[in-house]
Amino acid sequence: MKKYDYLIVGAGLFGSVFAHEAVKCGKTCLVIDKRDHIGGNIYTEEIEGIQVHKYGAHIFHTSNKTVWDYVNQFAEFNHFVNSPIAVYKDELYNLPFNMNTFHQLWGVRTPAEAEARIREQISRMHITNPKNLEEQALALVGQDVYEKLIEGYTRKQWGRECRELPAFIIKRLPLRYTYDNNYFKDPYQGIPKGGYTEIIRKLLEGTQVVLKTDFFANKEELCAQAEKVVFTGMLDEFYDYCYGPLDYRSLRFETEVLDMANYQGNAVVNYTDYEVPYTRIIEHKHFEFGTQPKTVITREYSAEWTKGAEPYYPVNDPANNELYAKYERRALEEKNVIFGGRLGMYRYMDMDRVIEEALNLAETELVYCNENE
Ligand SMILES: Cc1cc2nc3c(=O)[nH]c(=O)nc-3n(C[C@H](O)[C@H](O)[C@H](O)COP(=O)(O)OP(=O)(O)OC[C@H]3O[C@@H](n4cnc5c(N)ncnc54)[C@H](O)[C@@H]3O)c2cc1C
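All values derive from a computational prediction rather than experimental measurement.

(A) Broad picture of the environment of Cys223. Topologically, Cys223 is positioned in helix H8 (residues 219-223). Taking the C-alpha atoms as reference points, Cys223 and Ile42, separated by 181 residues in sequence, lie 26 Å from one another.

Following this line, the structure appears as structure tokens:
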């Protein structure tokens, strides 16, 4: 008999939801994380009475009622609606691209005027078979929206000229012909009162958690303690990069406490011109309608990923997907290791999707586990 049923590597959302479900089923879990806190990338920390999103702005939104009900067991959500602002040089625009944006760009007032303007700009481009991201975007939205709101931002995000980026990165660029600044279309949206870390803390109640512990530093000893491993770290690292490293984009955050009540009047402001080095500024208190005397802002910079840096976004281009498929084939042969979460599955997933995946795993894995006892 081993000490634990499951060793869960990663105290992020995936690992914590799985641990919660396992404990509910009477299983014993050991959760480890190499960081000095729980929560993974949704970790929030209180500074000046404000919940600061330490790894970038996180807005919960979903169309999945089951997931919404699930997460509401662990927090009360406020009525925050994500309505970002874009700054291009000295101009301000509403996002996502909607009638407010079109009015700010061209002074148009009706959907028909806006559609005509965009159609005319697209047809002027004569692009039938887009060969790169720039052509793809121009063919979808025309010159003005592309030049002011897409080009510089995308260039900063990927660290490359849009002409050098593949067209498939942008599949669609939704244009909304209504005066609607709500970024997401999901019926459920909000920010958990008290921060995301509190959700994770509740999920992990009854579970043994050990922080500042890297799985790879003590793999054999850790594995010997549990019947099975749920691994939410990097899949390629698990196999010692035997087929080569998968590619990621990284981010760098600069957080500052300011001695003023309100810096930018909105939670998320994107900087879409290339000359401004950061992609956006987050003012955390606006996620919670905060009225504190001070404010906390974070500048977000896109960065190249190199081994050892934080891998934020998987780069799901054909070459990396092919490489991932090799690792995945090997992973599927494992009897006692299950891979999950954004790094284990090498896939960008919003929080609702991560919860859904973890609940799916719990359903199959824990039923199977109980049947075989
Ligand atoms: C900048 C940014 C903004 C985002 N905004 C949103 C948003 O607005 N809305 C939304 O729904 N989603 C958003 N997301 C997605 C969200 O962050 C993810 O869905 C979620 O954090 C994934 O949880 P996870 O458990 O899979 O991974 P993680 O949170 O990464 O957790 C994995 C954990 O495993 C640990 N770990 C890794 N390797 C090891 C090891 N070897 N040993 C021990 N521990 C290890 C890590 O330290 C980490 O804590 C955003 C993501 C990013 C990058």
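(B) The arrangement of the packing of helix H3 (residues 99-106) against helix H4 (residues 111-125) in detail. Packing of H3 against H4 leaves a shortest axis separation of 10 Å and a crossing angle of 65°. In terms of orientation, H3 and H4 fall into the roughly perpendicular class. In this structure, H3 meets H4 at a crossing whose hand is left-handed. Contacts from Met99, Phe102 and Trp106 of H3 reach H4 at Pro111, Ala114, Arg117, Ile118 and Gln121. A class-by-class count of the residues in the contact of H3 with H4 yields 6 nonpolar, 1 polar and 1 charged.

(C) Summary view of the layout of surface pockets. Approximately 360 Å³ is the volume found for the second largest pocket. Taken together, 20 residues line the second largest pocket, and the ones lying closest to its centre are Leu332, Ile338, Phe339, Gly340 and Met345. Where the lining of the second largest pocket is concerned, the elements lending two or more residues are helix H10 (318-332), strand E16 (337-339) and helix H12 (351-371). A per-class count over the lining of the second largest pocket returns 10 nonpolar, 4 polar and 6 charged.

(D) Region of the structure containing the pairing of strand E11 (residues 248-258). Looking at chain direction, E11 and strand E15 (residues 313-314) are connected through 2 bridges and run antiparallel. When the bridges of E15 are listed, Tyr248 appears paired with Pro314. With 10 bridges connecting them, E11 and strand E14 (residues 295-304) associate as antiparallel partners. Counterpart to Leu251 in the pairing with E14 is Ser302.

(E) Summary view of the site of the ligand. Taken together, 31 residues lie near the ligand, and Asp33, His58, Arg342, Met349 and Met351 sit nearest. At a separation of 2.6 Å, an oxygen atom of the ligand approaches a polar backbone atom of Met349. The separation between an oxygen atom of the ligand and a polar main-chain atom of Met351 is 2.7 Å. Here the ligand, which alone exposes 1,000 Å², has 97% of that area covered by the protein. Contributing elements (two or more residues each) for the shell around the ligand: helix H1 (13-24), helix H11 (341-344) and H12.

(F) Highlighting the pattern of salt bridges. One pass over the full model with this rule turns up 21 salt bridges. Its salt-bridge partner being Lys24, residue Glu21 comes within 3.2 Å of it at the nearest N-O pair. Here Glu21 and its partner Lys24 are both found in helix H1, 3 residues apart, which amounts to about one turn of the helix. Overall, the relative accessible area of 55% leaves Lys24 in the exposed class. Ionic pairing is found between Arg35 and Glu310, a salt bridge with its closest N-O pair at 2.8 Å.

What counts, and where the lines are drawn
Residues numbered from 1 in each chain as written. Predicted model: local features only at pLDDT ≥ 70, side-chain atom pairs only at ≥ 80, totals over all residues. Heavy atoms only, no water. Helix = DSSP H or I, 4+ residues; strand = E, 2+ residues; numbered from the N terminus. Axes fitted to C-alpha atoms, helices over the stretch in contact; angles between N-to-C directions. Parallel < 35°, antiparallel > 145°, perpendicular 65-115°, else oblique. Left-handed = near helix turned anticlockwise from the far one by under 90°. Contact = heavy atoms within 4.5 Å. Nonpolar A, V, L, I, M, F, W, Y, C, P; charged D, E, K, R; others polar. 1 Å grid on protein atoms, 1.4 Å probe; cavity = no way out; pocket = protein on both sides within 12 Å on 5 of 7 lines; lining within 4 Å. Points joined across faces, edges and corners; volume = space filled by probe spheres on them. Pairing = 2+ DSSP bridges. Near = heavy atom within 4 Å. Polar contact = N/O pair within 3.5 Å; in protein donor to acceptor, adjacent residues only side chain to side chain. Areas by Shrake-Rupley, 256 points an atom, 1.4 Å probe, with all protein chains shown as cover. Salt bridge = Lys/Arg side-chain N within 4 Å of Asp/Glu carboxyl O. Buried < 20%, exposed > 50% of the residue type's maximum accessible area, 1.4 Å probe, protein only.

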